[in-house]
Amino acid sequence: MTSHCSCHTPSFQAKPQHLFEMFLFINPLDTQCLQLEKELLQFIQESSQQVYFRLIAFMDYPLFHQSLNRQTNHSLKEANALFQSIYKLCLGYKAALCQGQKRGRLFLMTMQKVFNEDHHPFSYETMADCATLCGLDVDMWEEDYHSGKAKSDFQEDIHLVKQMNITSYPSLVVYDNLNYRYGVKLQGSFTSNDLEELIEQMMPQSDTLRLYCPNQKTSANKEVSKIPPHHSLTSTSLLRHS
């Protein structure tokens, strides 16, 4: 008796898995940035998408002077002191990252709370106290802080800032591994719901950003633009939230 049943399992093609890469560029002494970090973490926690992300604390001279022009007048001495404080916070964050991405992120957000929300004046000693509070090996943190590696890592971030044409903070850059036509740069404030809508519109089947018009400001005071592809997607230095 001849069987008509096939012994071969029907073939099918698995649906490609989206992988989103996000870069959030922040000034550690800007009061708005901490809230947006929380919004980003909330989005990642609630999203069904696979997301890798980096929080990049930075400041360069052009952007620093641009930000000063939006504030009250500062003397040259005060401006220099403020720039040095931001720079030291960035180095402290890079040093903390040497002990793990999650600890580094906790250290950054703890410093932001202490120096921004609680209005403590900046000092190296207070920064070291934050390292202790976050459970870092303080001796190791201090060694990494004063090493050339922290400064080198900071310069790599500045290179990334220029590569992605970051001209203001906070700025969020998003890439989709299944859509290399462009990345999306979001400048200004956002919510976790905004990010969910943006991700949906970045799917390959969509050629346009319906709600986020490129290079135009939205009602939520956001500016969105398309930027060239970036090829570091899924690099081992990225952090997946868990």
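Right above here is the structure, for reference.
Residues numbered from 1 in each chain as written. Predicted model: local features only at pLDDT ≥ 70, side-chain atom pairs only at ≥ 80, totals over all residues. Heavy atoms only, no water.

(A) Highlighting the pairing of strand β3 (residues 171–176). Most of β3 is tucked away: six of the six residues are buried. The side-chain alternation of β3 yields two buried faces, one formed by S171, V173 and Y175 and the other by L172, V174 and D176. Sheet analysis places strand β1 (residues 19–26) next to β3, joined by six bridges and oriented antiparallel. Of the residues in β3, the one forming a bridge with F20 is D176. (Buried < 20%, exposed > 50% of the residue type's maximum accessible area, 1.4 Å probe, protein only. Helix = DSSP H or I, 4+ residues; strand = E, 2+ residues; numbered from the N terminus. Pairing = 2+ DSSP bridges.)

(B) Region of interest: the pattern of salt bridges. Under the definition given, this model contains five salt bridges. K38 is the salt-bridge partner of E117, the closest N and O atoms lying 4.0 Å from each other. Of this pair, E117 sits in helix α4 (residues 101–117) while K38 sits in helix α1 (residues 31–46), and the two are 79 residues apart along the sequence. One salt bridge connects D157 with K94, and the closest N-O pair in it is separated by 2.9 Å. With D157 in helix α7 (residues 148–163) and K94 in helix α3 (residues 76–97), this residue pair connects regions lying 63 residues apart in the sequence. (Salt bridge = Lys/Arg side-chain N within 4 Å of Asp/Glu carboxyl O.)

(C) Structural context of the packing of aromatic side chains. Applying the stated criterion across every chain, the model contains 11 aromatic pairs. Judged by centre distance (6.4 Å) and plane angle (20°), the rings of F23 and F25 are stacked. Each of the two residues, F23 as well as F25, counts as buried. Among the aromatic side chains, those forming a connected cluster through ring pairs are F23, F25, F58 and Y175. (Phe/Tyr/Trp six-rings, centres within 6.5 Å; stacked < 30°, edge-to-face > 60°.)

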